[in-house]
Amino acid sequence: MKQLKISLSFLLFCTNILVFGQKKQPFFWGVATAAYQVEGAYQTDGKGESKWDFLTNKVGITQFTIGEKQTGNVSINMYDRTQYLKDLALLKQLGANSYRFSLDWSRIIPDGTGAVNEKALAHYDQLIDDVLAAGLEPFVTIYHFDYPVVLMQKDGWGNPAMVDWYINYASIVMKRFGKKVKHFITFNEPYIEFFLVENMLHEQESKHIPPKEYYMSQMQKAHRQLIANAKAIELYHSLQLKGQIGIVLNVNPGAAWNASKVADVKAANFQDILINGLFLDPLYKGKYPQMAMDSLAKYNPSFQPSASDLTFIAQNKPDFLGINFYAPAVVKGEDSAMSLKWLDNNPDAIKSNVGPVMPEYLYKMLIRLKKDYGNPTVYITENGTGFAGEDVVKNGKVNDPLRIDYIKRHVAYALKAKREGVNLGGYMVWSGWDNFEWVSGYTKRLGLIYVDFKTQERIPKQSFFEYKKLIQKYKGI
Ligand code: FCB
């Protein structure tokens, strides 16, 4: 009897080690940034010229969109260690336990494929150490829209060699930082890169709305990025690093402008497929949605993804899915799904700068990931907003009730989905700080922390303090 008791307690002990010895991941609360939007220091430590350096400085892209030339040359100065240490201290004050940021390929391999710039690697090594020392889990985006301009001049993702160029870069990063970084992200939002931003640029150049043939020709590039994503995942797993690698997609669920109009409902469904299904289906089901393939057959018949490509993508699934959710795609029957018409549709009386505020669609999307895509581990890697006129300093304070309301309601829906069994592991606000918002330059503020772009002064907004309360309240979930 005594022996039985001893062996029983031994069994219990072993079970405890198995169950509790495995480090359970906490829920990650944090904020996100991307290198070009925050770093500045565009010629420091041997950095090469990047696509976005070129677009802002030489093409003057923001002149067309906001009527003024603006660049990320200085931005919010976060390459500077003195500056970023203060910024990390603010995240500590916020109570965050994670920070998503990206690496700049043009710093690490200035000419894209050749010599590695040790100074840049040393910089990011230090940054990662500093992030960890601040008690923050680094979520490192390897590629966030930007890459060395020399590769763009060789047609970027239009060139089949881009996959190898990217893998070479990604392998340098994984090998150097893989012991410390437990969450890597291969790519950020392929839809936005190819179907939104490049489409907009094309419209500016050609002075007319790009035809469906142009729109669909972008598919080849997106497909190539999905192959590069799968190769990077395969490589990461072969390195046996004890962490996870995933991809980040923007998710904009289709929503009919008028739910009782059949044409609107149909159009919303098709738009949904071209934004969300186009990426989710190959990643999780190993095929492109049939409706997308039908349109491709019509407008880009040369796009013929091989069965082996699709099998390869499905065999190398991401360990987690990062979703960036801002708003649904609200669609009218007459909108062409192969256009950016949906961006103009916003029924809200007070319009945010990221589309209609409809947090229930975040919930719907999360449930859909559970039901239709095998309930993957999901992190909300971006969610946030801004309203014109709200981010103004009055008596040293910034009161932003609309942003507070937005964040609260999105967190509530996210947690509801989690309670209903969605594998949700974290939530990050875009962004910690006001920063360079791509084609909108500095005209759209989305930060929890106000930045005076001239003096680099930081002022935590009211939303910073409210988000802090949310984190405190839900820390242990
Ligand atoms: C997303 C981008 C991010 C930021 C937000 C507002 O599409 O990933 O860099 O610009 O939008």
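Residue indices begin from 1 for each chain and proceed along its sequence in written order. Under the rules for a predicted model, residues below a pLDDT of 70 receive no local features and side-chain atom pairs below 80 are neither given nor counted, while totals for whole chains, interfaces and linings still include all residues. Calculation of side-chain values draws on the structure's entire complement of heavy atoms; hydrogens and water are dropped beforehand.

1. Observations regarding the side chain of N188
So, step 1. When you line up the elements, N188 lands in strand β4 (residues 183-188).
So, step 2. Buried, partly exposed and exposed residues are distinguished by accessible area as a fraction of the type maximum, computed with a 1.4 Å probe on protein chains only: under 20%, between the cut-offs, and over 50%, respectively. On the accessibility criterion, N188 (0% relative accessible area) is buried.
So, step 3. Side-chain atoms alone can form a polar contact between residues adjacent in sequence; in general such a contact is a pair of N or O atoms within 3.5 Å, and within protein one must be able to donate a hydrogen while the other accepts it. For N188, the side chain forms a polar contact with the side chain of H144, separated by 3.0 Å.
So, step 4. Polar side-chain contacts of N188 include one of 3.2 Å to the side chain of N324.
So, step 5. When near neighbours in sequence (up to four residues on either side) are disregarded, N188 contacts R100, T141, Y143, H144, F145, V248, N324 and E382. The secondary structure listing takes helices from DSSP runs of H or I that are at least 4 residues long and strands from runs of E that are at least 2 residues long, numbered from the N terminus. Residue contacts are defined here by distance: any two heavy atoms, one from each residue, within 4.5 Å place the two residues in contact.

2. Re the packing of aromatic side chains
What describes a pair of aromatic rings is the distance from one ring centre to the other and the angle between the planes of the rings.
So, step 1. Pairing of aromatic side chains here covers Phe, Tyr and the six-membered ring of Trp, requires ring centres within 6.5 Å, and sorts the geometry by plane angle: under 30 degrees stacked, over 60 edge-to-face, intermediate tilted. Under the counting rule described, the total for this entry stands at 38 aromatic pairs.
So, step 2. With a centroid separation of 6.0 Å and an interplanar angle of 75°, the aromatic rings of Y99 and W433 are classed as edge-to-face. With Y99 in strand β2 (residues 98-102) and W433 in the loop between β12 (424-430) and β13 (449-451), this residue pair connects regions lying 334 residues apart in the sequence. For the pair Y99 and W433, one class covers both residues: buried.
So, step 3. Ring-pair connections join several aromatic residues into one group, and the members of that group are Y36, W52, F145, F436, W438, Y442 and F453.
So, step 4. Both a distance and an angle decide whether a charge sits over a ring: NZ of Lys or CZ of Arg must be within 6 Å of the ring centre and within 35 degrees of the ring normal. Lying over the aromatic face of Y79, R107 brings its terminal NZ or CZ to 3.9 Å of the ring centre.

3. A few points about the site of the ligand
So, step 1. Put simply, a residue is near a molecule or strand once any heavy atom of it comes within 4 Å of that molecule or strand. Residues in close proximity to the ligand include Q37, H144, N188, E189, N324, Y326, E382, W430, E437 and W438, which together make up its full environment.
So, step 2. A distance of 2.8 Å separates an oxygen atom of the ligand from a polar side-chain atom of E437.
So, step 3. Contact between the ligand and W438: an oxygen atom at 3.0 Å from a side-chain N or O atom of the residue.
So, step 4. Per-residue and other accessible areas follow the Shrake-Rupley method at a 1.4 Å probe size, with only the shown protein chains counted as cover for residues. Summarising the interface, the protein chains cover 92% of the accessible area of the ligand, which totals 290 Å² for the free molecule.

4. Examining the side chain of H123
So, step 1. Tracing the backbone through its elements, the reader meets H123 in helix α7 (residues 118-133).
So, step 2. Sequence-distant contacts of H123, defined by excluding residues within four places in its chain, comprise Y79 and Y84.

5. Brief notes about the sheet that holds strand β7 (residues 320-324)
In a beta sheet, neighbouring strands are held together by backbone hydrogen bonds and run either parallel or antiparallel to one another.
So, step 1. Read around the closed barrel, eight strands run β1-β2-β3-β4-β5-β7-β9-β12, paired in parallel fashion. Looking at each pair of strands side by side, their axes are set apart by 25° on average, direction ignored.
So, step 2. In this sheet, β12 lies alongside strand β9 (residues 378-382) in parallel orientation, the contact comprising three bridges. Bridging from a neighbouring strand, I380 pairs with Y427 of β12.
So, step 3. Axis definition: a line fit to C-alpha positions, over the contact stretch in the case of helices; interaxial angles, taken between N-to-C directions, run 0 to 180 degrees. Relative to strand β1 (residues 28-32), helix α18 (residues 462-474) is tilted by about 155°, and along the sheet it contacts β1 and β12. One bridge is not enough; two strands pair if DSSP finds at least two bridges between them.

6. A few points about the packing of helix α13 (residues 262-285) against helix α16 (residues 360-372)
So, step 1. Taken N-terminus to C-terminus, the directions of α13 and α16 make an angle of 35°; their axes are 12 Å apart at the nearest point. The two elements α13 and α16 cross, and the hand of that crossing is right-handed. Where α13 abuts α16, its residues D272, N276, L280 and K285 lie against M365, R368, L369 and D372.
So, step 2. Classes in brief: Ala, Val, Leu, Ile, Met, Phe, Trp, Tyr, Cys and Pro nonpolar; Asp, Glu, Lys and Arg charged; the others, Gly included, polar. Looking at the contact of α13 with α16, its residues break down into three nonpolar, one polar and four charged. Crossings are sorted by hand: turned counterclockwise from the far helix by less than a right angle, the near helix makes the crossing left-handed, and turned clockwise it makes it right-handed.

7. A few points about the confidence of the model for the chain
So, step 1. Model confidence for the chain is summarised by a mean pLDDT of 95, while 95% of its residues fall at 70 or above.
So, step 2. A score between 0 and 100, pLDDT records how confident the predictor is in each residue. Under a pLDDT of 50 for its full length, residues 8-21 has, in the predicted model, three contacts with residues more than four places off or in other chains.

8. Observations concerning α7
So, step 1. In this scheme, a helix's expected span is set at 1.5 Å multiplied by one less than its residue total. Compared with an ideal rise of 1.5 Å per residue, which puts 16 residues at 22 Å, α7 spans 22 Å between its outermost C-alpha atoms and is within 8% of the ideal.
So, step 2. Of all the residues in α7, the buried ones are A120, L121, H123, Y124, D125, L127, I128, D130 and V131.
So, step 3. Looking at the buried positions of α7, the neighbouring elements they touch are α2 (35-38), α5 (81-94), β2, α6 (105-108), β3 (137-141) and α9 (162-177).
So, step 4. Once α7 finishes, G135 follows within two positions and takes phi at roughly 80°, a positive value.

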